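Structural description and commentary
Here is what each chain is made of, one letter per residue.
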Amino acid sequence: MSGPGAIDLHSHSTASDGQFPAERVAEQAAAAGVAVWALTDHDSVAQLRVGAAAAQSLGMRFVGGVELSVQLDAKREIHLLGHFVDPDSEALRQFEDLLAEKRRIRMGEVIQKLAALGVAVAPEDIEKFSGGKTLGRPHVARALVERGVVATVKEAFDRFLGEGRPAYVGRFRLSPGDAIGLVRGAGGTATVAHPGVSKVERYDLERMKGMGLVGVETYHPDQNPSVREKYAKIARELDLVPTAGSDFHGPEVAPGRRLGMVTMTAEELGELESRRDQA
């Protein structure tokens, strides 16, 4: 379900945990035949203006976005995508600054835990992989790969950084209502990212729809056809817009995810945009 003219509403740059700066992501999207491309960095809108300019120069339509971490309940974290957000939103910028500081503190704690395990890594080793204010575990993982501690990013998570592993440190998360409110306050639409991966069920989506949720990422590389059909059916039943995103980070971070490898219809995109002001 891809090809020329694809609509890809989920990708990342070095402003969060992607491998490439926004301009390079735009170039790769255009080369893949993507017609509508969204940049949705984790907790950051820092590269949206750069991405918009690059997309325009390459003849693509650009959708400015963001991806937020949400504590759905006591044991589940999910991710919320915001599309059509205003990069100059004061609320988003203040939130980005808050998260940047919290992430920096968290990285210090991760470094301390790694040191206790006999693994020495310095802040500058991690920061070189981040082109923005957002520091995350994938940046630590790439530093560990570069230093030869592990062979791959996956091995870094499996041995050290994944939840339950010895260097794991939890992160700050928003409530669903606060995250949806933040996106809507920035003029955007709120969509649940990769619900199959996050084990989001119908009742979760129904509850969040009452908070202003308008869409669900039905088409994602990590969701097989039966999972996609499950969420397409739920979307129809709850009047949520089904969306598509490759969740591209770059081959060093997320091998196998290619820009434009999933898509949605122009009608679905139009419906998503029309719900920007939905109460």
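Coordinates for the structure precede this section.
Description of the structure in this document. Since this is a predicted model, take the numbers as computed values, not measurements.

1. What about helix α7 (residues 176–185)?
Along α7, the residues that are buried comprise P176, A179, I180, L182 and V183. Viewed end-on, α7 has its buried residues packed into an arc of 155°, placing them on one side of the element. Looking at α7, the residues exposed on the side facing more than 90 degrees away from the buried face are D178 and G185. Where α7 is buried, its residues touch β3 (61–71), β4 (77–83), α3 (90–116), β5 (189–192) and α8 (202–209). A positive backbone phi angle near 85° is found at G187, which sits one or two residues after α7.

2. Describing the sheet that holds strand β7 (residues 241–244)
The strands that make up a sheet pair up through hydrogen bonds in the backbone, lying either parallel or antiparallel. The strand order across the open sheet formed by 7 strands is β1-β2-β3-β4-β5-β6-β7, and the pairing between neighbours is mixed. Strands at the two margins of the open sheet, each flanked by one partner only, are β1 (6–8) and β7. Strand-to-strand twist of the sheet, defined as the mean angle between neighbouring strand axes without regard to direction, takes the value 30°. Both strand β2 (residues 34–39) and β3 contribute to a ladder of 4 bridges, which runs parallel. Counterpart to A38 in the pairing with β3 is V63.

3. So, the pairing of β3
A large share of β3 lies buried, amounting to 9 of its 11 residues. Of the strand pairs in this sheet, β3 and β4 are connected by 7 bridges, and their pairing is antiparallel. Its bridge partner lying in β4, E67 is registered against L81. The antiparallel hairpin formed by β3 and β4 contains 5 residues in its connecting segment.

4. Notes on the environment of M60
In this fold, M60 is placed in the loop between α2 (48–57) and β3. Given a relative accessible area of 7%, M60 falls into the buried group. Taking the C-alpha atoms as reference points, M60 and E27, separated by 33 residues in sequence, lie 10.0 Å from one another. Dropping the residues within four chain positions of it, M60 is found in contact with A26, A29, A30, V34, A35, W37 and A55.

5. Focus: the pattern of salt bridges
The tally for this structure, following the rule as stated, stands at 23 salt bridges. In this structure, the salt-bridge partner of R93 is D88, at a minimum N-O distance of 3.8 Å. The partner of E271 in a salt bridge is R275, and the shortest N-O contact between them spans 2.8 Å. Judged by its relative accessible area of 33%, E271 is partly exposed. On the accessibility criterion, R275 (9% relative accessible area) is buried. Via salt bridges that share partners, R202, E206, K233 and E237 belong to a single interconnected network.

Cut-off values and rules
Numbering of residues begins from 1 in every chain and follows the order in which that chain's sequence is written. The model is predicted, so local features are restricted to residues of pLDDT at least 70 and side-chain atom pairs to those at 80 or more, both for listing and for counting; the totals for chains, interfaces and linings are taken over all residues. To obtain the side-chain values, all non-hydrogen atoms of the structure were included, while hydrogens and water were left out. Exposure categories follow from relative accessible area, calculated using a 1.4 Å probe and restricted to protein chains: below 20% of the type maximum is buried, above 50% is exposed, and the middle band is partly exposed. Each helix is a run of H or I in the DSSP string that is no shorter than four residues. Each strand is a run of E no shorter than two, and both are numbered from the N terminus. The reported arc concerns the directions from the helix axis to the C-beta atoms and nothing else. It only takes one pair of heavy atoms within 4.5 Å for two residues to be counted as in contact. A pair of strands is treated as paired once DSSP finds two or more bridges between them. Under this scheme, a helix contributes an axis fitted over its contacting stretch, all axes are lines through C-alpha atoms, and angles between N-to-C directions fall in the 0 to 180 degree range. One side-chain nitrogen of Lys or Arg within 4 Å of one carboxyl oxygen of Asp or Glu is enough to make a salt bridge.

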